[in-house]
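# Remarks on the overall topology
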Amino acid sequence: MADQTDGRRWPARPAGIAFGGDYNPEQWPEELRKEDLRLMAEAHVNFVTVAVFSWALLEPAPGIFDWGWLDRVMDDLAEAGIAADLATATASPPPWFSSSNPETLPIRADGTKLWWGSRQAFCPSSPLYRQAAVRLVEAIANRYATHPALAMWHVHNEYGCHNAACFCDISAAAFRAWLEERYGDLASLNEAWGTAFWSQRYSSWEQIIPPRTTGAISNPGQQLDWARFCSDELLACYLAEMTVLRRVTPDVPVTTNMMSLFKPLDYQRWARHLDVISNDHYRLNFLERPDTDLSLSGDLMRSLAGGPWWLMEHSPSAVNWQPYNLAKAPGQLVRDSIVHVARGADAVGFFQWRASQAGAEKYHSGMVPHAGVDTKVWREVTALGRHLEALSEVKGTVVEAQAAIVHSWESWWAAELGAHPSAALDVASHIRSWHCALWDRNVTTDVVSPDDDLSRYRLLIVPNLYLMHDEQAAKLTAYVERGGTLLVTYFSGIADGHDHVRLGGYPGALRELLGVWVEEFYPLAPGGTVQLSDSSAGTLWSELGRADDAEVLVSFAEGAVTGSPALTRRQVGAGSAFYLATHLSGAHLNALVSRLLDESGVEPVLRAPQGVEAVRRSSEDARYLFLLNHTDQEQDVEASGFDLLSGVQASGRLALAPGGVAVLREDPAG
Ligand code: GAL
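What you see is a predicted model; the values in this text were computed from it and never measured.

Attention now moves to the overall build of the protein. A tally of helices and strands in the protein yields 17 helices and 29 strands. For 670 residues, the compact-globule estimate of 2.2 N^0.38 gives 26 Å, and the protein sits close to it at 26 Å. Summarising its shape, the C-alpha atoms of the protein cover approximately 75 × 75 × 45 Å along the three principal directions. Counting every position in the protein, which comprises 670 residues, the buried fraction comes to 60%. For the protein, long-range pairs separated by at least 24 residues make up 70% of all intrachain contacts whose partners lie at least 6 apart in sequence.

Here you go:
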C-alpha cells in the first residue's frame, strides 16, 4: 500500500502530485455529495482529508460508534478514485466527554479554565483524554484498515494550536515525572535550575509546579524545562495514536500536520516520528514580507523531511482569524500553491473544500465559495488542478541547497525568556530577515538543526543561537575548519543546555571559534540605531568587546562601544567564521549577504529580476526550474526549457506575466 522513501513511508496514492484539502461533508446534506464529487473531478482533486473534527459524530456517546455516514463518505471516495487522508478525529473531544470529565479541561498559567464550545479543549497530560483518544483511534483504525480509499492517517490536527500548555494539577504531576526522568535526583534539578537564587531550593518533588503566574520573574530553568515538557507531552499524545495505527495498519503512512515555525513544538524532535512531514501554512499579512514566509516554511519542512513533504493546508483566499482578512489577488491562489511545490511539496491541500455556512469559520474561504463555482476562486482551483497534473513528473524530485540557516527550538525558547538584555530579540523574525536576503538573491536555503549534518553546506547562518551545547559548538568549529563559511550573530553561544551563562566572556561557547571576546551587552532602546565604522548603522544590539584573534571588518563608531568589533572574520583551517555583533537590515544586511555568498562560493539558482523567485527541483535525470513572479509587472527572465504549465518552449528568454508562474523542464545536461 505504501512506498518506502528514505526510511519514511509515502502514500502510494495519489500517483501524481496530491491535490485536495479538508473535506467536511458532515456539515452538509448528504445529497450534496454527488455534486461535490463531480466538482472534485472537474478540479482534478485526487485526495481529501476527512473526519478531522468528527469525534462527536463518530462516537455520539461513550463507547457507542456511529460509522454510517463515514462509511458512505469513504465508499464514495473510493468509487471516485480519491485517496483519503483519514483523520483520527481526536482534536476536539465532544461535549459529552468534556462535561463528564471536567478535569480534562486545560488551565492557563493564571488559572483560567478553557471550556468546551470551541476546539482542542483538553489537557495534553490527561490520562482520561489519552485513553478516550486511543480508544477512538483503535476503533477507526480497525474499521477502515482495509478500506480501499485509505491512503494515509492524519493524526489529530495541528497539535498544540490552542492547548500547547496546560497548567493544571494533572500536568503538574506529569511535569514532575518528566523531571525525575530527566534529572534522577533533586540535587541535579536544583543545580540545573539555579534554585540557590531567590530561595527557590526544592526539598521534595511534590513542591514542583508548572511555571504558573507569579509575582515576579519565574525561574528560567523551570520555564525552559516546561517548554521542553509541553512539546514532549503532545508528542506523547501523537505517539500513542501512532502506535495503534502502526500496529493495525503497518503499511499505511502516518502524518500529523505541522504549523511552520510554530514555537511551542520542537518539530526537529517530532519529525523523526512522522512518515510524511506535512504542513499548514497561512499567509501572515502582518509580516513585512508575507510572500517570502511561504518559501521559508517550505524550506523548513523540506529540511525536516529530508526530501519531499506535503502542504496539507493553506487558504484558497482569505482566512477569518486575522483582524483584517485580505482576499488573495487574482492569480495568487495558483502562484502561492506552486511556491510550496517549488520548495519540495508533493501535495497541495487547502482548508477547506466548501466554505462553511455555519460555525466559527464560516467567513474562511473554501475551494467552493459561498457564491458557488462561477467565481474567481473556483476558476483558479480548477486551473491549479490542471497545473498540478501537468507537474506530475516533478513528484519525488528534490531541492538542493548550498546554504542553511541553523535553528533550534530549545535555543528559541531560552533566547526569548523574559528578563533578558532586550525584549526586542525575536528569533523567528531574525530568521525571516536572513532568509529574505537570501531569497532576494535566489539562493535556496535549508533550515537545519545544529545537530544535523552540516558538512554539505557551503554557507551557514546562525542567527541568535543563544543556547548551545558543547557538541554543537564543536560541530560548527569542525564545519569551518573543513572549509565552510559561517556567520554567527549576536547573543549566540551564550548559555549552556541548562540556560546557565558560560563564564569568561561572551559569546561563550563560540569565543574561540570566532576569536572575539565581549564583556558587556549594550542593547539599544526601541527605534535606536548605532553608527558603524563603514557608515552603515545597526539596530537593536551593540556590545563592548575586542577581537582577540579575528580581523575586524567593521567596528562600532558611537557611544560607549566605540571601537568594539561589530563585524569580524576569522580564518579557521580552510574556512572562515564571521561574527556580527549588531542587527542589520535593508541594504546593510544585503551587503553582508553578498560578501558571504562571494566568500563561500554559493551560487544563486538564477540571476533574475527582483521579485522573481527561482527554485530548482531535480533528480538524476531531470531538472525543473520554477519561476514565480511576485511583482505586478511582467518580468523578463533569462531561462530555457519547456514550460510544463503553458506547454511553450522558452529559448533563452521568458516573459513572466504579473504574478505568473512557469516550470521549465531544463536540458538535464544544464
Ligand atoms: C488551521 C486548522 C483548520 C482551520 C484553518 C483555518 O489551523 O487546521 O482546521 O481552522 O486553520 O485557517
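Note on helix geometry: an α-helix contains 3.6 residues per turn, so any two residues three or four positions apart are oriented the same way. Most of helix α11 (residues 332–342) is tucked away, with 11 of its 11 residues classed as buried. Along α11, the residues classified as buried are Gln 332, Leu 333, Val 334, Arg 335, Asp 336, Ser 337, Ile 338, Val 339, His 340, Val 341 and Ala 342. A positive backbone phi angle near 115° is found at Gly 344, which sits one or two residues after α11.

Turning next to the pattern of salt bridges. Under the defined criterion, the tally for this structure stands at 43 salt bridges. The shortest N-O distance in the salt bridge between Asp 446 and Arg 302 comes to 2.8 Å. Here the residue Asp 446 occupies a position in strand β13 (residues 445–448), and Arg 302 occupies one in helix α10 (residues 290–305), the gap between them amounting to 144 residues. Assessed through its relative accessible area of 4%, Arg 302 is described here as buried.

Another point: the nonpolar core. Formed by 169 residues in total, the largest nonpolar core has its most connected members in Phe 19, Leu 86, Trp 153, Ile 338, Leu 391, Leu 486 and Phe 626. Look past the residues within four positions of Phe 626 in its chain and what remains in contact with it is Ile 338, Val 341, Ala 342, Leu 391, Val 394, Glu 613, Ala 614, Val 615, Arg 617, Ala 662 and Val 663. Within the second largest apolar cluster, 16 residues are counted, among which are Phe 167, Leu 186, Trp 193 and Trp 205.

A few words now on the packing of aromatic side chains. Counting across every chain of the model gives 31 aromatic pairs. Taking 4.8 Å as the distance between ring centres and 70° as the angle between the ring planes, the aromatic pair formed by Phe 47 and Trp 310 counts as edge-to-face. In this pair, Phe 47 is assigned in strand β4 (residues 47–50) and Trp 310 in strand β10 (residues 309–313), connecting sequence segments 263 residues apart. With a centroid separation of 5.7 Å and 85° between ring planes, the pair formed by Trp 353 and Trp 378 is classed as edge-to-face. Residue Trp 353 is located in the loop between β11 (345–350) and α12 (376–390), and its partner Trp 378 is located in helix α12; the two are separated by 25 residues in the primary sequence. The exposure class of Trp 353 is buried, given its relative accessible area of 2%. The structure contains a cluster of three or more aromatic residues connected by ring pairs, namely Phe 167, Phe 175, Trp 178, Trp 193, Tyr 202, Trp 226 and Phe 229. The residue whose ring lies beneath Arg 546 is Trp 517, and the NZ or CZ to ring-centre distance is 4.2 Å.

Further remarks concern the domain arrangement of the protein. Often, the extent of an interface is quoted as the loss of accessible area upon association of its parts. You can read the domains of the protein as domain 1 (18–94 + 118–164 + 228–394), domain 2 (403–600) and domain 3 (612–665). Placing the centre of domain 2 and that of domain 3 at their C-alpha centroids yields a distance of 35 Å.

It is worth spelling out helix α14 (residues 427–440) at this point. Taking 1.5 Å as the rise per residue, α14 with 14 residues should run 20 Å; its terminal C-alpha atoms sit 20 Å apart, in good agreement. For α14, the set of buried residues is Val 427, Ala 428, His 430, Ile 431, Arg 432, Trp 434, His 435, Cys 436, Ala 437, Leu 438, Trp 439 and Asp 440. Once α14 finishes, Asn 442 follows within two positions and takes phi at roughly 60°, a positive value.

The next point concerns the pairing of strand β12 (residues 403–406). Residue alternation in β12 divides its side chains into two sets, Ala 403 and Ile 405 and Ala 404 and Val 406, and both sets are buried. Both β12 and β13 contribute to a ladder of 4 bridges, which runs parallel. Looking across to β13, one finds that Val 406 is bridged to Val 448. By the bridge criterion, 3 bridges tie β12 to strand β14 (residues 459–462) in an arrangement that is parallel. Within the sheet, the bridge partner assigned to Ala 403 lies in β14 and is Leu 459.

Here the focus is the site of the ligand. In the vicinity of the ligand, the residues found are Phe 53, Arg 119, Asn 157, Glu 158, Asp 280, Tyr 282, Glu 313, Trp 321, Phe 351, Glu 361 and His 364. Between an oxygen atom of the ligand and a side-chain N or O atom of Glu 361, the distance comes to 2.4 Å. Across the complex, the protein chains shield 95% of the 310 Å² of accessible surface that the ligand would expose by itself.

Let us now look at the sheet that holds β13. Remark on secondary structure: sheet strands pair via backbone hydrogen bonds, oriented parallel or antiparallel. If you trace the 7 strands from one edge of the open sheet to the other, you get β13-β12-β14-β15-β22-β21-β20, paired in mixed fashion. The outermost strands of the open sheet, each flanked by one partner alone, are β13 and β20 (551–555). On average, each strand axis in the sheet is inclined to that of its neighbour by 20°, with strand direction left out of account. Packing of α14 onto the sheet brings it into contact with β12, β13, β14, β15 (485–489) and β22 (575–580), and relative to β12 it is tilted by some 170°.

Moving on to the side chain of Thr 382. Residue position: Thr 382 is located in helix α12. The class of Thr 382 is buried, set by a relative accessible area of 9%. Polar side-chain contacts of Thr 382 include one of 2.8 Å to the backbone oxygen of Arg 379. Ignoring any residue separated from it by four or fewer positions in sequence, one finds Thr 382 in contact with Glu 42 and Ala 43.

Analysis parameters
Residues numbered from 1 in each chain as written. Predicted model: local features only at pLDDT ≥ 70, side-chain atom pairs only at ≥ 80, totals over all residues. Heavy atoms only, no water. Helix = DSSP H or I, 4+ residues; strand = E, 2+ residues; numbered from the N terminus. Rg over C-alpha atoms; globule rule 2.2 N^0.38 Å. Buried < 20%, exposed > 50% of the residue type's maximum accessible area, 1.4 Å probe, protein only. Contact = heavy atoms within 4.5 Å. Salt bridge = Lys/Arg side-chain N within 4 Å of Asp/Glu carboxyl O. Core = buried A, V, L, I, M, F, W, Y, C linked by side-chain atoms within 4.5 Å. Phe/Tyr/Trp six-rings, centres within 6.5 Å; stacked < 30°, edge-to-face > 60°. Lys NZ or Arg CZ within 6 Å of the ring centre and 35° of its normal. Domains from an automatic or database assignment. Expected span 1.5 Å × (residues − 1). Pairing = 2+ DSSP bridges. Near = heavy atom within 4 Å. Polar contact = N/O pair within 3.5 Å; in protein donor to acceptor, adjacent residues only side chain to side chain. Areas by Shrake-Rupley, 256 points an atom, 1.4 Å probe, with all protein chains shown as cover. Axes fitted to C-alpha atoms, helices over the stretch in contact; angles between N-to-C directions.

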